[in-house]
Amino acid sequence: MKTFSAKPADIEKKWILIDAEGVVLGRLASIVAMRLRGKHKPSFTPHMDCGDNVIIINAEKIQMTGKKREERFYWHTGHPGGIKSRTKQEILDGAHPERVVQKAVQRMLPGNRLSRQLMTNLRVYAGTEHPHEAQAPEVVDVKVLNSKNTRTAK
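Quick look at the structure, then. Please read these numbers as outputs of a predicted model, since none were measured by experiment.

Our focus in this paragraph is the pattern of salt bridges. Applying the stated criterion across every chain, the model contains five salt bridges. As a salt-bridge pair, Lys41 and Asp52 come within 3.1 Å of each other at their nearest N and O atoms. Placement of Lys41 in the loop between helix 1 (25-37) and strand 2 (53-57) and of Asp52 in the loop between helix 1 and strand 2 is noted, with a sequence separation of eleven residues between them. Both residues of the pair, Lys41 and Asp52, count as buried.

Shown next as structure tokens:
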């Protein structure tokens with residue numbers, strides 16, 4: 001029997017909706033990265049975009065374990081002495097709290113052209129509203145997959 005290799009005509013993409021309220025960030029990111037890659041499908045092909053389109057709502061209500069809210073993201077502006085940093089809590093309280101979830105998912109994907117294409121299949125929204133009702137997304141409840149996926153607010 002030959003190994004199956006998916007072709008663009010063989011790929012079926014679904015839309016899934018995930019509510020991130022009360023879900024631990026790393027566990028959510030790993031589930032979303034697997035869905036974006038398509039590794040949950042028996043027709044998975046490593047070099048093809050065979051994953052689903054993922055919509056995440058309530059990104060501002062994500063939970064983290066330990067002292068991860070005080071961990072810093074660093075970047076450099078390119079100018080001398082231009083190192084900058086922000087804590088995850090500052091980003092969540094700022095104008096774009098969805099970036100914490102986007103970066104967590106991006107860092108769980110391989111760093112190549114395919115992962116940059118896969119990231120276009122991810123839509124993250126800070127609140128409960130999203131403009132993708134016409135796609136009739138299937139709701140995936142991450143909280144019931146494992147009891148460790150949720151955490152009470154502290």
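Bringing the nonpolar core into the picture now. Among the nonpolar cores identified, the biggest contains 31 residues, and Leu28, Val32, Ile56, Val101 and Leu122 are the most heavily contacted of them. When residues of this core are traced back to their parent elements, those giving at least two are strand 1 (15-19), helix 1, strand 2, helix 2 (88-93), helix 3 (98-106), helix 4 (113-118) and strand 5 (122-124). Top contributing element to this core by residue count: helix 1, with seven residues. Apart from the residues lying within four places of it in its own chain, the contact partners of Ile56 are Ile18, Ala20, Leu28, Val32, Val101, Leu122, Arg123, Val124 and Tyr125.

Rules of the game
Residues numbered from 1 in each chain as written. Predicted model: local features only at pLDDT ≥ 70, side-chain atom pairs only at ≥ 80, totals over all residues. Heavy atoms only, no water. Salt bridge = Lys/Arg side-chain N within 4 Å of Asp/Glu carboxyl O. Helix = DSSP H or I, 4+ residues; strand = E, 2+ residues; numbered from the N terminus. Buried < 20%, exposed > 50% of the residue type's maximum accessible area, 1.4 Å probe, protein only. Core = buried A, V, L, I, M, F, W, Y, C linked by side-chain atoms within 4.5 Å. Contact = heavy atoms within 4.5 Å.

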